[in-house]
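Listed below, chain by chain, are the residues.
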Amino acid sequence: MVFSIKFSVKQIILITIGIFFIGVSINMFLGPHYVAAGGASGIGILVESAFYIDRALVVLILNVLLLVLAFFFLGKEVFYRSVIGSLMLPLALAITPEVMIIDDRLLSVIFGSAFFGAGVAILYKIEASSGGTTIPPLIFKKYFGLSPSIGLLCTDAVIVLFNIFVFGIEAFFLAILSIVITSIIMNYIETGLKKKKAVMVMSQNHIEEIKAALLEENHSSLTVFTVTGAHEENQKKMLMVILENREYPTAINKIDEIDEDCFVITYTISDVHGLGLSYQPIS
């Protein structure tokens, strides 16, 4: 049998790092303070505390069952994409020491959620998964048209709710905080590290000087557009340049020195790629 999804050595290493981060988050930050913030690992913490069954074993059983569901209901592609992380996560929970790194409960939840978010973001980046409760939302989407984000939210909401019955109301609110922090960290890692500035410039009489100044600064992403005004209906040139955040102040100052009355629009973008124009920052 030939797998439709093949993982390179680099991807296996990244999966290992991502799973390691999640294992550290659970065994050293969230678990010791009895906070179950969703996912199969959250179920593992709850079951371990309520029935004294090792969390690694709980996650293994749950992930295997969900892998079977993925194979039959979602197909081989999703199965192969999830199988490595699904089996590595319980292994990571089994070998990672269960120690309390930080005594303060709130601080531990903050750092633990950051580790968890980083780990999941690494997996998502290479289209891998730790399995678990990420699989049911995909089934709900395929057969019932439910958005995966809504399905995952509902699944995690049930797990978080059980914090009240097992650990108390404080753990419930800390679990909610953990999910929020995890989402923020994931979003920042996925887009925040790549944010850049897109600057649009229009000048009545100095557009060529501005273009020359930007090219002199080695802004290879500079593009020239021909635009038409809505009222005068005469054609003009407009420049667009993509800048790193650290390059933006210098470029704007240069533009203002040439024409302080020019029209400039600046907005933040998350990524630039494709057509051979993937942006390379100036070293």
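Scroll up for the structure.
Residues numbered from 1 in each chain as written. Predicted model: local features only at pLDDT ≥ 70, side-chain atom pairs only at ≥ 80, totals over all residues. Heavy atoms only, no water.

Draft legend 1. View of the nonpolar core. Counting 29 residues, the largest nonpolar core has Ile15, Ile19, Ile22, Ile26, Leu89, Leu93 and Leu123 as the members making the most contacts within it. Secondary-structure elements contributing two or more residues to this core are helix H1 (9-30), helix H2 (39-51), helix H3 (55-73), helix H4 (76-95), helix H5 (105-125), helix H7 (148-166) and helix H8 (169-191). In terms of nonpolar packing, the next biggest core, distinct from the first, is built from 13 residues, Val201, Ile210, Leu239 and Leu243 among them. (Core = buried A, V, L, I, M, F, W, Y, C linked by side-chain atoms within 4.5 Å. Buried < 20%, exposed > 50% of the residue type's maximum accessible area, 1.4 Å probe, protein only. Helix = DSSP H or I, 4+ residues; strand = E, 2+ residues; numbered from the N terminus.)

Draft legend 2. How the structure looks around unusual backbone geometry. The phi dihedral of tyrosine 34 is positive, around 55 degrees, even though this residue is not glycine. In this structure, tyrosine 34 sits in the loop between H1 and H2. Among the residues examined, tyrosine 34 registers a relative accessible area of 46% and is labelled partly exposed. Of note, the phi angle at tyrosine 52 is positive, near 60 degrees, even though the residue is not glycine.

Draft legend 3. How the structure looks around the side chain of histidine 33. Among the structural elements, histidine 33 can be located in the loop between H1 and H2. Judged by its relative accessible area of 6%, histidine 33 is buried. A polar contact is formed between the side chain of histidine 33 and the backbone oxygen of isoleucine 102, at a distance of 2.7 Å. With sequence-adjacent residues up to four places away left out, histidine 33 is seen in contact with Met100, Ile102, Asp103, Asp104, Arg105 and Ser108. (Polar contact = N/O pair within 3.5 Å; in protein donor to acceptor, adjacent residues only side chain to side chain. Contact = heavy atoms within 4.5 Å.)

So far we have only geometry, and geometry alone does not tell us how the molecule works.
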